[in-house]
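Now for the letters of each chain:
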Amino acid sequence: MKPLPVREADVVVIGAGAFGCSTAYHLAAHGAGRVVLLDKGHPGEGSSARAAGLFKMVQADETLTRLSRRSAEIVAGFEATTGVELPVRRSGSILAARTAAHAELIRSELSQSRSWGVELEAVDGAAVKRLAPYLEPEGFEIALHVPGDIFVEEPATLVSAFLRAGAARGVAVEGRTPAIGLRSEHDRVTGVITTRGEIACRTVVDAAGAWAAFVGDQARVAVPVATVRHELAITEPIAGIAPDLPITRIIDASAYLRPARGGLMVGGFEPDPLAFAPPLDQAWTIADLPIDPAVPAQMAAGVEPNAPLLSDAPYCEVRGGLFTMTPDGRFLAGPVPELEGFWLNTGCNGSGFSFAAAIGEALAAWITTGAPPLDLSTLAPARFAGQRFGKRELIDLGVWQYANYYTPPELATATGAVVGASPLATA
Ligand SMILES: Cc1cc2nc3c(=O)[nH]c(=O)nc-3n(C[C@H](O)[C@H](O)[C@H](O)COP(=O)(O)OP(=O)(O)OC[C@H]3O[C@@H](n4cnc5c(N)ncnc54)[C@H](O)[C@@H]3O)c2cc1C
């Protein structure tokens, strides 16, 4: 094993997924000095490359709305800003519901999102069919068209674009370099220990995805996340599916659809997801996660009446990865109160791919200037200060957040209410 070529840095980012790569790139772009990005395996081999790639402008609150809009701006303008190609589909989306309670939720999101500046409108069945010819809108109580929603066809391209743009700005990327310990003195970070040597630094960002809590343990910082599996499937090509057709979300089915490789992608939030703690064994990667094709098939069955092309199409790919679910369904982004210089960028709750660009940018600005560019207090790790969650409790809360991703508040069961969770979806 070759020793690390770098022994000192201004910032070390642990984990080269969407969150870590975006943070490292933005740190370099903000002039943070020597930025090192570590990955325990091959950079980009985590859950990010397995995402559906969807961006969603309709969000639960104004902060998330601003961040989602900013993320879409960053990725859509990435090539112009950085010179690095990042193909984006400006597809727009359909947001639909087939029950009165779910329709009511969408109605409230319509007026809220409008007040936060999101362009969107209610559309009738004929318009749905014209916009997304793969849909049969029978039974839709309401459908919105959101023109600003986009997707990244191949999610690995977002991670590699941030890696390339970061490297061009001087980020030192070190793969096959697990962080195995943190050094601290007088309650402040002083370095990172890796299998290839130590790096002295005063700022560390934990963006280790499904392993974020293990990295936190190294710093004696509790990172309240539960890791929960999420899966999707892509069908073989289907005649008539153009690549830029809109994304569809049918929220009472907790499912999403989009064009993918000439066919349709389908995924969603099953009511009984698998909580899965990833092994610490360095050889284990997300590619080793057990996959159950019955899960996306169950999601497909829920939307088939409205997307009948799904019923006869065989799958050419079923893939999955791990969400980091927090007790209140919100990101963990910011400094931790108990250890100066230690920052979190995790707690994706299923939306890390689409928020990584804006949250990475915001954290980079905060680290370099000392102040956040917008109020991120609702995402602050400090909101859990003094709260200790047991392992079982974290899993129960995380599974509840996952299973109630699109559930209207009045239909949600009690568990999540324990921590005042908002059952409004973020992705
Ligand atoms: C099937 C699926 C569909 C999804 N669809 C969407 C979507 O449409 N939109 C959306 O916004 N989100 C989506 N998501 C969620 C999204 O993928 C995640 O939120 C996002 O990938 C989280 O990024 P990350 O950087 O935290 O994790 P990862 O991409 O997993 O990266 C973490 C990295 O940390 C590294 N690491 C771990 N421990 C260490 C260590 N000790 N030292 C060094 N490196 C370490 C790992 O090797 C890994 O490369 C989806 C997820 C799945 C699984």
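The name an unreviewed UniProt entry gives the chain is FAD dependent oxidoreductase domain-containing protein, with uncultured Thermomicrobiales bacterium as the organism.

J.: So what about the site of the ligand? Which residues, and what values?
T.: Near the ligand, the surroundings consist of 37 residues, among which Asp39, Ser48, Leu54, Gly352 and Ser354 are the closest. For the ligand, the accessible surface in isolation is 1,000 Å², of which the surrounding protein chains cover 97%. Mapped by element, the contributors of at least two residues to the shell around the ligand are helix H1 (18-29), strand E11 (226-235), strand E15 (315-325) and helix H9 (352-369). A per-class count over the shell around the ligand returns 19 nonpolar, 15 polar and three charged. Split by domain, the shell around the ligand shows at least three residues from each of two domains, domain 1 (11-50 + 156-226 + 327-419) and domain 2 (88-151 + 227-321).

J.: Describe unusual backbone geometry, and please don't skip the residues or the numbers.
T.: One non-glycine residue, Arg176, adopts positive backbone phi at about 50°. Assignment of secondary structure puts Arg176 in the loop between strand E6 (172-174) and strand E7 (179-185). Look at Arg176 and you get exposed, because its relative accessible area is 55%. Positive phi, normally seen in glycine, also occurs at Arg261, with a value near 50°. Mapped onto the elements, Arg261 comes out in the loop between strand E13 (255-260) and strand E14 (263-268).

J.: Help me get a handle on the nonpolar core, residues and values and all.
T.: Within the largest apolar cluster, 83 residues are counted, with the highest numbers of intra-cluster contacts made by Val13, Phe55, Phe78, Leu158 and Ile359. Broken down by element, this core gets its largest block of residues, 11 residues, from H9. Both of domain 1 (11-50 + 156-226 + 327-419) and domain 2 (88-151 + 227-321) provide at least three residues apiece to this core. The residues touching Leu158, leaving out its near neighbours within four places in the chain, are Ala18, Phe55, Val75, Leu86, Val152 and Phe353. Among the nonpolar cores identified, the runner-up in size contains 37 residues, and Val36, Leu182, Val221 and Val336 belong to it.

J.: Describe the side chain of His145, and please don't skip the residues or the numbers.
T.: Here His145 lies in strand E5 (residues 142-146). Apart from the residues lying within four places of it in its own chain, the contact partners of His145 are Ser93, Ile94, Glu119, Leu120, Glu121, Val123 and Leu131.

J.: How would you summarise the packing of H1 against H9 if you had to cite specific residues and measurements?
T.: Each pair of packed helices can be described by the angle between their axes along with the distance between the axes. Relative orientation of the contacting elements H1 and H9 amounts to 35°, with a least axis distance of 8 Å. You can see that H1 and H9 cross each other, and the crossing is right-handed. On H9, the residues that touch Ala18, Phe19, Ser22, Thr23, His26 and Leu27 of H1 are Gly352, Phe353, Ala356, Ala357, Ile359, Gly360, Glu361, Ala364, Ile367 and Thr368. Taken together, the residues of the contact of H1 with H9 break down into nine nonpolar, six polar and one charged.

J.: Tell me about the sheet that holds strand E1 (residues 11-14), residues and numbers included.
T.: Strand order in this open sheet of six strands is E6-E2-E1-E10-E17-E16, and the pairing throughout is mixed. The open sheet has two edge strands with one neighbour each: E6 and strand E16 (332-335). Across this sheet, the average inter-strand angle for adjacent strands is 20°, counted without regard to direction. Relative to strand E17 (residues 342-346), strand E10 (residues 203-206) runs parallel, the two being bridged by three bridges. If you follow Val204 over to E17, its bridge partner there is Phe342. Packed on one face of the sheet, H1 meets E1, strand E2 (35-38), E10 and E17 and runs near 170° to E2. Sheet strands in contact with H9 are E1, E10, E16 and E17, and its direction is about 170° off that of E17.

J.: Residue-level account of the pattern of salt bridges, with values.
T.: Throughout the structure, instances matching the rule amount to 21 salt bridges. A salt bridge links Asp149 to Arg249; its shortest N-O distance comes to 3.2 Å. One end of the pair, Asp149, is in the loop between E5 and helix H6 (156-168); the other, Arg249, is in strand E12 (residues 247-250), and 100 residues separate them in sequence. Assessed through its relative accessible area of 1%, Arg249 is described here as buried. The structure contains a network of salt bridges with shared partners spanning Arg89, Glu153, Asp244 and Arg258.

J.: Now, about the packing of aromatic side chains: what can you tell me, with residues and values included?
T.: The final tally for this structure, using the stated rule, is 17 aromatic pairs. Centre to centre, the rings of Phe269 and Tyr406 are 5.8 Å apart; their planes meet at 90°, and the pair counts as edge-to-face. In this pair, Phe269 is assigned in the loop between E14 and helix H8 (294-303) and Tyr406 in the segment after helix H10 (391-403), connecting sequence segments 137 residues apart. Among the residues examined, Phe269 registers a relative accessible area of 4% and is labelled buried. Ring centres of Phe276 and Trp284 lie 5.7 Å apart, and the angle between their planes is 25°; this geometry places the pair in the stacked category. For the pair shown, Phe276 and Trp284 are each scored as buried. Each residue in the set Tyr256, Phe269, Phe323, Tyr402, Tyr405 and Tyr406 is aromatic and connected to the rest through ring pairs, giving one cluster.

J.: Please provide a residue-by-residue account of H8, values included.
T.: Buried within H8 we find Val295, Pro296, Met299, Ala300 and Val303. End-on view of H8: buried residues confined to an arc of 140°, all on one side of the axis. For H8, the secondary structure elements touched by its buried residues are E11, E12, E13, E14 and E15.

J.: Residue-level account of the packing of helix H2 (residues 62-76) against H9, with values.
T.: One can describe the packing of H2 onto H9 by two numbers: an axis separation of 7 Å at closest approach and a directional angle of 100°. Taken together, H2 and H9 sit at an angle that is classed as roughly perpendicular. Residues Leu64, Leu67, Ser68, Arg70, Ser71, Ile74 and Val75 of H2 form the contact with H9, whose own contacting residues are Ser354, Phe355, Ala356, Ala357, Ala358, Ile359 and Glu361. For the contact of H2 with H9, the class distribution of residues is nine nonpolar, three polar and two charged.

What counts and what doesn't
Residues numbered from 1 in each chain as written. Predicted model: local features only at pLDDT ≥ 70, side-chain atom pairs only at ≥ 80, totals over all residues. Heavy atoms only, no water. Near = heavy atom within 4 Å. Areas by Shrake-Rupley, 256 points an atom, 1.4 Å probe, with all protein chains shown as cover. Helix = DSSP H or I, 4+ residues; strand = E, 2+ residues; numbered from the N terminus. Nonpolar A, V, L, I, M, F, W, Y, C, P; charged D, E, K, R; others polar. Domains from an automatic or database assignment. Buried < 20%, exposed > 50% of the residue type's maximum accessible area, 1.4 Å probe, protein only. Core = buried A, V, L, I, M, F, W, Y, C linked by side-chain atoms within 4.5 Å. Contact = heavy atoms within 4.5 Å. Axes fitted to C-alpha atoms, helices over the stretch in contact; angles between N-to-C directions. Left-handed = near helix turned anticlockwise from the far one by under 90°. Pairing = 2+ DSSP bridges. Salt bridge = Lys/Arg side-chain N within 4 Å of Asp/Glu carboxyl O. Phe/Tyr/Trp six-rings, centres within 6.5 Å; stacked < 30°, edge-to-face > 60°. Arc of directions from axis to C-beta. Parallel < 35°, antiparallel > 145°, perpendicular 65-115°, else oblique.

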